[in-house]
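Here's the letter readout for the chains.
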Amino acid sequence: MVLLAMLAAIAAVGRVPFAGLPSVQPTSFIIIMAGLVFGAESGFIVGAVAAIVSNFFLGQGPWTPWQMYAWGMMGMSAGFLHNTWWMKKLWGKLIFGFIWGYLFGWFMNMWIIVSNMEALSWEFFAGIYISSIYFDLAHALSNVFFLLVFGASWIKILQRIQRKYGLLEQRTE
């Protein structure tokens, strides 16, 4: 429990210094690492908690549950896919992080659409998604950067902690 709380806190606090650079943040990277090493449930918990805690610093709002769910699903999917052959390769992790940069943004766009149902039209829908392309690309590229630069070392560190303390061991069946 303490390890997941620490990872969620690191992910949450890691978002604050990058607040001036929209969608560039190590939060998604840490959530992906938690899912890859500790499993789907742990990845979901780290993602959901990181969202709500980071919003204590950056502002809570109607988007918070959407962020909690989106980041939770990012961590959960990393955990579910951790044993696939392509997630064991660097390029697989990079593609995963890139895709989730867009998926996160597309999911977050839905809270805007749902909260403005009276303005719903194809133009409104397309406008929301087109206007988010830059931010989604920035998120996707920052995921790739953090995974490329820090991914291998974080996996080694987290696996060492896991082995040393016998924490959150995954069953491979």
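Notes on the structure follow.

Conventions we followed
- Residues numbered from 1 in each chain as written.
- Predicted model: local features only at pLDDT ≥ 70, side-chain atom pairs only at ≥ 80, totals over all residues.
- Heavy atoms only, no water.
- Core = buried A, V, L, I, M, F, W, Y, C linked by side-chain atoms within 4.5 Å.
- Buried < 20%, exposed > 50% of the residue type's maximum accessible area, 1.4 Å probe, protein only.
- Helix = DSSP H or I, 4+ residues; strand = E, 2+ residues; numbered from the N terminus.
- Contact = heavy atoms within 4.5 Å.
- Lys, Arg positive; Asp, Glu negative; His and termini not counted.
- Salt bridge = Lys/Arg side-chain N within 4 Å of Asp/Glu carboxyl O.
- Polar contact = N/O pair within 3.5 Å; in protein donor to acceptor, adjacent residues only side chain to side chain.
- Phe/Tyr/Trp six-rings, centres within 6.5 Å; stacked < 30°, edge-to-face > 60°.
- Axes fitted to C-alpha atoms, helices over the stretch in contact; angles between N-to-C directions.
- Left-handed = near helix turned anticlockwise from the far one by under 90°.
- Nonpolar A, V, L, I, M, F, W, Y, C, P; charged D, E, K, R; others polar.

1. Observations concerning the nonpolar core
Piece 1. Counting 32 residues, the largest nonpolar core has Leu7, Ile32, Met33, Leu36, Val46, Met74 and Phe104 as its most contacted members.
Piece 2. Among the elements of the structure, helix 1 (2-15), helix 2 (27-38), helix 3 (40-58), helix 4 (64-81), helix 5 (90-115) and helix 7 (133-165) are those that each provide at least two residues to this core.
Piece 3. Ranked by residue count, the leading element in this core is helix 2, at 9 residues.
Piece 4. Contact partners of valine 46, with chain neighbours within four places excluded, come to Leu4, Leu7, Ala8, Ile31 and Ala34.

2. Looking at unusual backbone geometry
Piece 1. Positive phi outside glycine occurs at serine 23, with the angle close to 70 degrees.
Piece 2. Within the element layout of this structure, serine 23 appears in the loop between helix 1 and helix 2.
Piece 3. You can call serine 23 partly exposed: its relative accessible area is 22%.

3. As for the side chain of arginine 15
Piece 1. With respect to the helices and strands, arginine 15 occurs in helix 1.
Piece 2. No salt bridge is formed by the buried arginine 15; its nearest oppositely charged neighbour, aspartate 136, is found at 12 Å.
Piece 3. A polar side-chain atom of arginine 15 sits 2.9 Å from a polar atom in the side chain of asparagine 55.
Piece 4. Non-local contacts of arginine 15, meaning those with residues more than four positions away in its chain, are made with Gln25, Thr27, Ala51, Ser54, Asn55, Leu58, Gln67 and Trp71.

4. Thoughts on the environment of phenylalanine 29
Piece 1. Among the secondary structure elements, phenylalanine 29 is positioned in helix 2.
Piece 2. Look at phenylalanine 29 and you get buried, because its relative accessible area is 2%.
Piece 3. Aside from chain neighbours lying at most four places away, what touches phenylalanine 29 is Asn143, Phe146, Leu147, Phe150, Gly151 and Trp154.

5. A look at the packing of aromatic side chains
Piece 1. This structure, assessed with the given rule, holds 16 aromatic pairs.
Piece 2. Seen in terms of ring centroids, phenylalanine 29 and tryptophan 154 are 5.3 Å apart; in terms of plane orientation they differ by 75 degrees. Their pairing is edge-to-face. Residue phenylalanine 29 is located in helix 2, and its partner tryptophan 154 is located in helix 7; the two are separated by 125 residues in the primary sequence.
Piece 3. The exposure class assigned to tryptophan 154 is partly exposed, which follows from its relative accessible area of 22%.
Piece 4. Taken together, a centroid distance of 5.3 Å and an interplanar angle of 45 degrees make the contact between tryptophan 66 and phenylalanine 107 tilted. One end of the pair, tryptophan 66, is in helix 4; the other, phenylalanine 107, is in helix 5, and 41 residues separate them in sequence.

6. Topic: the packing of helix 5 against helix 7
Piece 1. Relative orientation of the contacting elements helix 5 and helix 7 amounts to 145 degrees, with a least axis distance of 8 Å. Where helix 5 crosses over helix 7, the two elements pack in a sense that is right-handed. Here Leu90, Lys93, Leu94, Gly97, Phe98, Trp100, Gly101, Tyr102, Phe104, Gly105, Trp106 and Asn109 of helix 5 lie close against helix 7, whose contacting residues are Ile133, Asp136, Leu137, His139, Ala140, Leu141, Asn143, Val144, Leu147, Leu148 and Ile155.
Piece 2. Class assignment for the residues of the contact of helix 5 with helix 7 results in 15 nonpolar, 6 polar and 2 charged.

7. Observations concerning the side chain of glutamine 67
Piece 1. Counting through the fold element by element, glutamine 67 comes out in helix 4.
Piece 2. Look at glutamine 67 and you get buried, because its relative accessible area is 7%.
Piece 3. Dropping the residues within four chain positions of it, glutamine 67 is found in contact with Arg15, Ala51, Asn55, Gly72, Phe104 and Met108.

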